[in-house]
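# Chain and residue survey
Take a look at the letters that make up each chain.
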Amino acid sequence: MSNYKNIDSALIHGGIYGDRFTGAVNVPIYQTSTYEQSGLGENKGWEYSRTGNPTRAALEALIAELEGGTHGFAFGSGMAAITAVLSLFKTGDKVIISSNVYGGTFRVLDKVFNHFGITYSIENTADINTLDSKITADVKAILIESPANPLLTITDIKAVAALAKKHGILTIVDNTFMTPYLQQPIKLGADIVVHSATKYLGGHSDLVAGLAVVNNEDLAEKLAFIQNSTGGVLGPFDSFLLIRGIKTLGVRMDRHTFNAKKAAQFLLKHKAVKKVYYPSLEDAQGYEINKNQAKNGGAMISFELYENYDIKTFFKSLSLIALAESLGGVESLVCHPASMTHASIPYETRQKVGITDGLIRLSLGIENIDDILSDLQQAIEKSEVK
Ligand SMILES: *Cc1c(COP(=O)(O)O)cnc(C)c1O
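In this report, the structure presented in the accompanying data block is examined. Just so you know, the residues in each chain are numbered from 1, in the order the chain's sequence is written. Selection of residues for local features in this predicted model requires a pLDDT of at least 70, selection of side-chain atom pairs for listing and counting requires 80 or more, and totals for whole chains, interfaces and linings are taken over all residues. Neither water nor hydrogens contribute to the side-chain values; these are computed over all heavy atoms in the structure.

Within the structure, the ligand sits among 14 residues, and Met79, Asp174, Ser196, Thr198 and Lys199 are positioned closest to it. A 3.5 Å cut-off defines polar contacts: any pair of N or O atoms within that distance qualifies, except that in protein one atom must be a possible hydrogen donor and the other a possible acceptor, and neighbouring residues in sequence count only when both atoms are side-chain atoms. Here Thr198 contributes a side-chain N or O atom positioned 2.7 Å from an oxygen atom of the ligand. Contact with the protein chains covers 91% of the free accessible surface of the ligand, which is 380 Å². Starting at the N terminus, helices and strands are each numbered in turn, a helix being any DSSP run of H or I of at least four residues and a strand any DSSP run of E of at least two. Here the shell around the ligand gets 3 residues from one element, more than from any other, and that element is helix α3 (residues 78–86). Classifying every residue of the shell around the ligand by side-chain character gives 6 nonpolar, 5 polar and 3 charged. What makes a residue near a molecule or strand is one non-hydrogen atom of that residue sitting within 4 Å of it. All accessibility values rest on the Shrake-Rupley procedure with a 1.4 Å probe; residue burial counts only the protein chains present in the view. Under this grouping Gly is polar, as are all residues other than the nonpolar Ala, Val, Leu, Ile, Met, Phe, Trp, Tyr, Cys and Pro and the charged Asp, Glu, Lys and Arg.

Right under this line is the structure:
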């Protein structure tokens, strides 16, 4: 292993670096389903690629190191990773989720895990005192996102983890929006970290992948069993692409967050903008907490235009910034949470948690900031109803 102290270097040299057989600086794509065994019960540590594959193993070691956990697991999507983690629970167990949790996480609990008698409740995890009173005997875990999608709500990860420990239950953090470059939940006390690696970790909008990291051997053994039994593993080629994406995570995140700060300031001052949600703004909900637990506010911004601006025209008028689901790629993307990412949440619930029909979510890419701002400006101008 190389000698380094900082995550910027771990992104490039972490986990299993290169190939010890050839000296290749990149981990090869072991595009194989099976491995020849030299005799009965004799193998080189690999038997079948659902159970283990060297390219995937390199990725799993890398994410474990980056998150400061003991073991990593790679899956075919973020939802497959979340599904595997939720498979740790059994009939009668209940999971508390943040009110602004990713729509797919809500959906899998509401429409799939309910078949198995695993229940959930939606709580404001930013309110620690109230949260304490919601932890009944059947609650086995708290699943949070900070910042949470799409209002960038901040939850105090350390406080939630301490509360969960007090009750002997697990803290699961979906760290997709921050990545280990900006925030490391296990160091704050979390037991499990999950990722949609489709987003910043992959970073190029060219793959769908999920990761999970645990902080102890017991959880690792259970999750390895679930991963192998249910089989939602990431293939060797996508594992390679993800390792490749992670190498540039540091430089990308620096530019993503630089652009986000500039865009937030631009929107904040704009006469058409009613509200800006961005954790690095000093009057943002959870500003101090976020400052303590993360390097900065990340690169996602949500905002609302005043009623005399037509958001349909706004979306149509953007030309550099693409209207698309997803986030975290090098290209700037914009979406309408109410009809896209959060459409699976019932209308009444959406209103209750603040996902209004006028809300716009922006994922800042790494293009030149002046080009991004002028695209926003011309689209806002065109959308004004005169
Ligand atoms: C996208 C996303 C997911 C789901 O990941 P997929 O890779 O699309 O399955 C989960 N959590 C968050 C916060 C996300 O943004």
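Pairing is mixed in the open sheet, where 5 strands are placed in the order β8-β9-β12-β11-β10. A strand with exactly one partner marks an edge of an open sheet, and here the two such strands are β8 (273–277) and β10 (322–323). Should DSSP find at least two bridges between two strands, the strands are regarded as paired. As judged from the 4 bridges shared by β8 and strand β9 (residues 300–305), these two strands associate in the antiparallel manner. Following the sheet pairing, Val276 is matched in β9 by Phe303.

The next point concerns the environment of Tyr17. The topology assignment puts Tyr17 in the loop between α1 (7–13) and α2 (54–67). C-alpha of Tyr17 to C-alpha of Thr136: the two residues are 119 residues apart in sequence and 45 Å apart in space.

Attention now goes to the packing of aromatic side chains. Stacked, tilted and edge-to-face are the three classes assigned to paired rings of Phe, Tyr and Trp, where Trp is represented by its six-membered ring and a pair needs centres within 6.5 Å; plane angles under 30 degrees give stacked, over 60 edge-to-face, the rest tilted. Counting across every chain of the model gives 6 aromatic pairs. With a centroid separation of 6.3 Å and an interplanar angle of 35°, the aromatic rings of Tyr35 and Trp46 are classed as tilted. Here Tyr35, found in the loop between α1 and α2, pairs with Trp46, found in the loop between α1 and α2; they are 11 residues apart in sequence, far enough to count as distant. Of the residues examined, Tyr35 reaches a relative accessible area of 14% and is grouped as buried. The exposure class assigned to Trp46 is partly exposed, which follows from its relative accessible area of 29%. Judged by centre distance (5.7 Å) and plane angle (65°), the ring pair of Phe314 and Phe315 falls under edge-to-face. As far as the burial class goes, Phe314 and Phe315 line up, both buried. Taken together through their ring pairs, the aromatic side chains of Phe303, Phe314 and Phe315 make up a single cluster. Definition used: whenever NZ (Lys) or CZ (Arg) falls within 6 Å of the ring centre and also within 35 degrees of the ring normal, the charge is taken to sit over that ring. The cationic tip of Lys295 hangs over the ring face of Tyr181; the distance from NZ or CZ to the ring centre is 3.7 Å. A simple rule labels every residue: compare its accessible area, found with a 1.4 Å probe on the protein chains alone, to the largest value its type can have, and call it buried under 20%, exposed over 50%, or partly exposed in between.

This next bit is on the nonpolar core. To qualify as a nonpolar core, a set must consist of buried Ala, Val, Leu, Ile, Met, Phe, Trp, Tyr and Cys residues joined through side-chain atoms within 4.5 Å. Leu242, Ile301, Phe303, Leu305, Phe314 and Leu376 are the most contacted members of the largest nonpolar core, which has 70 residues in total. Ranked by residues supplied to this core, first place goes to helix α10 (residues 249–269) with 7 residues. For this analysis, residues touch if any pair of their heavy atoms sits within 4.5 Å. Those residues in contact with Leu305 that lie beyond four places of it in its chain are Ala272, Val273, Lys274, Ile311, Phe314, Gly358, Ile360, Ile380 and Ser383. In terms of nonpolar packing, the next biggest core, distinct from the first, is built from 29 residues, Ala81, Ile97, Leu143 and Leu223 among them.

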